[in-house]
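Examining the three-dimensional arrangement
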Amino acid sequence: MYKMTKIGYMKNYFSILLIICVVNFLSASEDTKTKNDPPTKKKAFVVMIDPGHGGRDTGTPGTGRYKTTEKDIALDVSLALGKMLKKIPNVKVIYTRTKDTYPTLQNRAIVTNKKKADLFISIHCNAQPGKKGTAYGSETFVLGLSKNKANLEVAKRENSVILMEDNYEETYGGFDPSSPESLISLIIMQEEYLDQSIEIASYIQKEFKTTGKRKDRGVKQAGFWVLSKTYMPSVLVELGFLTHKKEEDFLNSKKGKSVMTKSLYNAVKKYISLHMDTSNEEEITEEETEEVKTSKVYKGITFKVQLAASSKKMATKSYNFKGLDQISREKVNKIYRYFYGKTSDYEEIKRMKEEAVRKGYKDCYIVAYKKGTKISLAEALK
Ligand SMILES: [Zn+2]
């Protein structure tokens, strides 16, 4: 029925999406059936789990009563979910991050596509704008047009992490997270996966309601950058509101995390069982965990993390530097400078700096050298 020529494709597509919104087809209470089952079922299944945010991008801080923020809860639930899913035969789990690091949204999408994942799940926590703190409950998003203000706000907030990235204007081709027009420009290519994205999203919401005993805010559509660039069924999960005290307590608790993990697991397992060919007795994949490692190499430049400067000469051993290895020393005007790491990869050195900060070198910073001469970081990154 929806067979159409390329001309008029976009126009028709937009109208279809609008109709979908109007009739509220996405109500979670409605049982969504897979209308277009893939012709061939997969013999192995790759799940890409994307813990939202990370590193200097903390995500929502919630009420501020906890040291942990959105990025921590997202990571805990993601790792626990992956651990459970890996036990299913022939299921492979990959993460966009397994530590407190920040892969750019672009890199998350690139690697997910490269790994040919069969399902992409981005895990987040919600925040209500303003100080009311009354909104609570769980919701799952698929990519789509939304005229609903609240949905737009969620997409804006999740997309806005882009603004924290270096050179975001270049990377995201003028994409402006705060403009509705920019959001609309994202709605491409995902149509092919929309049915299946809605299918997994409804399983997730059903589980949040039954297993998780959460308020079901439903399956929703909005323009999320990361969902628009992954070419497989993709959902973005908002576990709950960290701006809601009770829900924040729940999501920070061990029990809360485990209940949410179990809900996600049940939903993904159901989806996999319907989309994977389980007749294959032989196990063909070993357990594997990978992490997206991004890199940005600057030829001829060496980056290091300066940890400390002192008049005291110390051995460059890890026991002198809170367990960090790869320590080097440089003497300038009777002062010894101590460095951690040595690489031409700027992404790598940023990871190393984060590690140094975690170890207690709160004031450490990245320095750059060209042919052995120190240059400013700005110059090195040109
Ligand atoms: Zn988020």
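Residues numbered from 1 in each chain as written. Predicted model: local features only at pLDDT ≥ 70, side-chain atom pairs only at ≥ 80, totals over all residues. Heavy atoms only, no water.

1. Details of a positive patch on the surface
- A surface patch of like charges, here positive, comprises Lys313, Arg329, Lys331 and Lys334.
- Of note, arginine 329 is situated in strand E9 (residues 327-332).
- We classify arginine 329 as partly exposed; its relative accessible area is 35%. (Patch = residues over 30% accessible without salt bridge, like charges linked within 9 Å, V, L, I, M, F, W, Y side chains within 5 Å. Areas by Shrake-Rupley, 256 points an atom, 1.4 Å probe, with all protein chains shown as cover. Salt bridge = Lys/Arg side-chain N within 4 Å of Asp/Glu carboxyl O. Lys, Arg positive; Asp, Glu negative; His and termini not counted. Charge placed at Lys NZ, Arg CZ, Asp CG, Glu CD. Helix = DSSP H or I, 4+ residues; strand = E, 2+ residues; numbered from the N terminus. Buried < 20%, exposed > 50% of the residue type's maximum accessible area, 1.4 Å probe, protein only.)

2. Points about the pattern of salt bridges
- What the rule picks out here adds up to 15 salt bridges.
- For glutamate 70, the salt bridge goes to arginine 157, with nearest N and O atoms at 3.4 Å. Placement of glutamate 70 in helix H2 (residues 70-85) and of arginine 157 in helix H4 (residues 149-159) is noted, with a sequence separation of 87 residues between them.
- The residue glutamate 238 makes a salt bridge to arginine 157 at a minimum N-O spacing of 3.8 Å. With a gap of 81 residues between them, glutamate 238 in strand E6 (residues 234-241) and arginine 157 in helix H4 connect regions that are remote in the sequence.
- On the basis of relative accessibility, which here comes to 0%, the residue glutamate 238 falls in the buried class.

3. Observations regarding the pairing of strand E8 (residues 301-310)
- Here E8 runs beside strand E11 (residues 365-370); their pairing, made up of six bridges, is antiparallel. In the strand pairing of E11, lysine 304 is matched with valine 367.
- Strand direction decides the pairing type here: E8 and strand E10 (residues 335-343), joined by six bridges, are antiparallel. The residue of E10 that forms the bridge with glutamine 306 is phenylalanine 339. (Pairing = 2+ DSSP bridges.)

4. Concerning the coordination of the zinc ion
- Surrounding the zinc ion are the protein donor atoms His53 (NE2), Glu70 (OE), His124 (ND1), Glu158 (OE) and Glu158 (OE), at 1.9 to 2.4 Å.
- The sequence motif formed by the donor residues of the zinc ion is H-x16-E-x53-H-x33-E. Taken together, the positions of glutamate 70 in helix H2 and histidine 124 in strand E3 (residues 119-126) put the pair 54 residues apart, joining distant regions of the chain. With respect to burial, glutamate 70 and histidine 124 carry one shared label: buried. (Donors = N, O, S within 2.8 Å, 3.2 Å for Na, K, Ca; no water.)

5. Some words on helix H9 (residues 245-252)
- Within the span of H9, buried status applies to Glu247, Glu248, Phe250, Leu251 and Asn252.
- On its buried side, H9 packs onto H2, E3, E6 and helix H10 (254-275). (Contact = heavy atoms within 4.5 Å.)

6. A short note on the environment of phenylalanine 45
- Residue position: phenylalanine 45 is located in strand E1 (residues 45-51).
- Residue phenylalanine 45 is classed as buried on the basis of its relative accessible area, which comes to 2%.
- Separated by 228 residues in the primary sequence, phenylalanine 45 and serine 273 place their C-alpha atoms 9.9 Å from one another.

7. Focus: the confidence of the model for the protein chain
- Taken as a whole, the protein chain shows an average pLDDT of 83; of its residues, 83% reach a score of 70 or greater.
- Across residues 1-39 the pLDDT falls below 50, and counting only partners more than four positions away or on other chains, this stretch makes 46 contacts in the model.
- Under a pLDDT of 50 for its full length, residues 281-289 has, in the predicted model, 16 contacts with residues more than four places off or in other chains. (pLDDT = per-residue confidence, 0-100.)

8. Here's the deal with the layout of surface pockets
- Approximately 820 Å³ is the volume attributed to the largest pocket.
- Along the wall of the largest pocket there are 34 residues; nearest its centre are Tyr102, Glu347, Lys350, Arg351 and Glu354.
- For the lining of the largest pocket, the secondary structure elements donating two or more residues are helix H3 (105-114), helix H5 (168-171) and helix H11 (346-358).
- Looking at the lining of the largest pocket element by element, the count peaks at eleven residues for H11. (1 Å grid on protein atoms, 1.4 Å probe; cavity = no way out; pocket = protein on both sides within 12 Å on 5 of 7 lines; lining within 4 Å. Points joined across faces, edges and corners; volume = space filled by probe spheres on them.)

9. Let's talk about the packing of aromatic side chains
- Counted according to the given criterion, the structure contains seven aromatic pairs.
- Here phenylalanine 321 and tyrosine 338 contribute two aromatic rings whose centre-to-centre distance is 5.2 Å and whose plane-to-plane angle is 40 degrees, an arrangement assigned as tilted. Of this pair, phenylalanine 321 sits in the loop between E8 and E9 while tyrosine 338 sits in strand E10; the two residues are 17 residues apart in sequence, bridging distant segments of the chain.
- For phenylalanine 321, a relative accessible area of 1% puts it in the buried group. (Phe/Tyr/Trp six-rings, centres within 6.5 Å; stacked < 30°, edge-to-face > 60°.)

10. Focus: empty space enclosed by the protein
- Overall, the coordinates contain one cavity of 30 Å³ or more when judged by the stated rule.
- Quantified by volume, the largest cavity comes out at close to 100 Å³.
- Taken together, 16 residues line the largest cavity, and the ones lying closest to its centre are Leu105, His124, Glu158, Val161 and Val226.
- Looking at the lining of the largest cavity, the elements with two or more residues in it are H3, E3, H4 and helix H8 (225-228).

11. Things to note about the sheet that holds E10
- One open sheet holds the five strands; their spatial order is E9-E10-E8-E11-E12, and the pairing between them is antiparallel. Across the chains shown, the open sheet's two edge strands, defined by having one partner strand only, are E9 and strand E12 (373-375). Averaged over neighbouring strand pairs, the angle between their axes works out to 45 degrees when direction is ignored.
- Sheet contacts for H11: E8, E10 and E11; angle to E8, the most-contacted strand, approximately 20 degrees. (Axes fitted to C-alpha atoms, helices over the stretch in contact; angles between N-to-C directions.)

12. Observations regarding the nonpolar core
- In terms of nonpolar packing, the biggest core is built from 40 residues, with Val47, Leu85, Val91, Ile123, Leu239 and Leu264 touching the most fellow members.
- The set of elements that each furnish at least two residues to this core consists of E1, H2, strand E2 (91-95), E3, helix H7 (191-210), E6, H9 and H10.
- Looking at which element gives the most residues to this core, the answer is H10, with eight residues.
- Residues Met48, Phe120, Val161 and Phe175 belong to the second largest nonpolar core, which totals 24 residues. (Core = buried A, V, L, I, M, F, W, Y, C linked by side-chain atoms within 4.5 Å.)

13. What to know about the packing of H9 against H10
- Where H9 contacts H10, the axes come no closer than 4 Å and their chain directions differ by 80 degrees. Here H9 is positioned roughly perpendicular relative to H10, judged by the angle of their axes. Within the contact between the two elements, H9 uses Phe250, Leu251 and Asn252 and H10 uses Lys254, Gly256, Lys257, Val259 and Met260.
- Of the residues contributing to the contact of H9 with H10, the split by class is four nonpolar, two polar and two charged. (Parallel < 35°, antiparallel > 145°, perpendicular 65-115°, else oblique. Nonpolar A, V, L, I, M, F, W, Y, C, P; charged D, E, K, R; others polar.)

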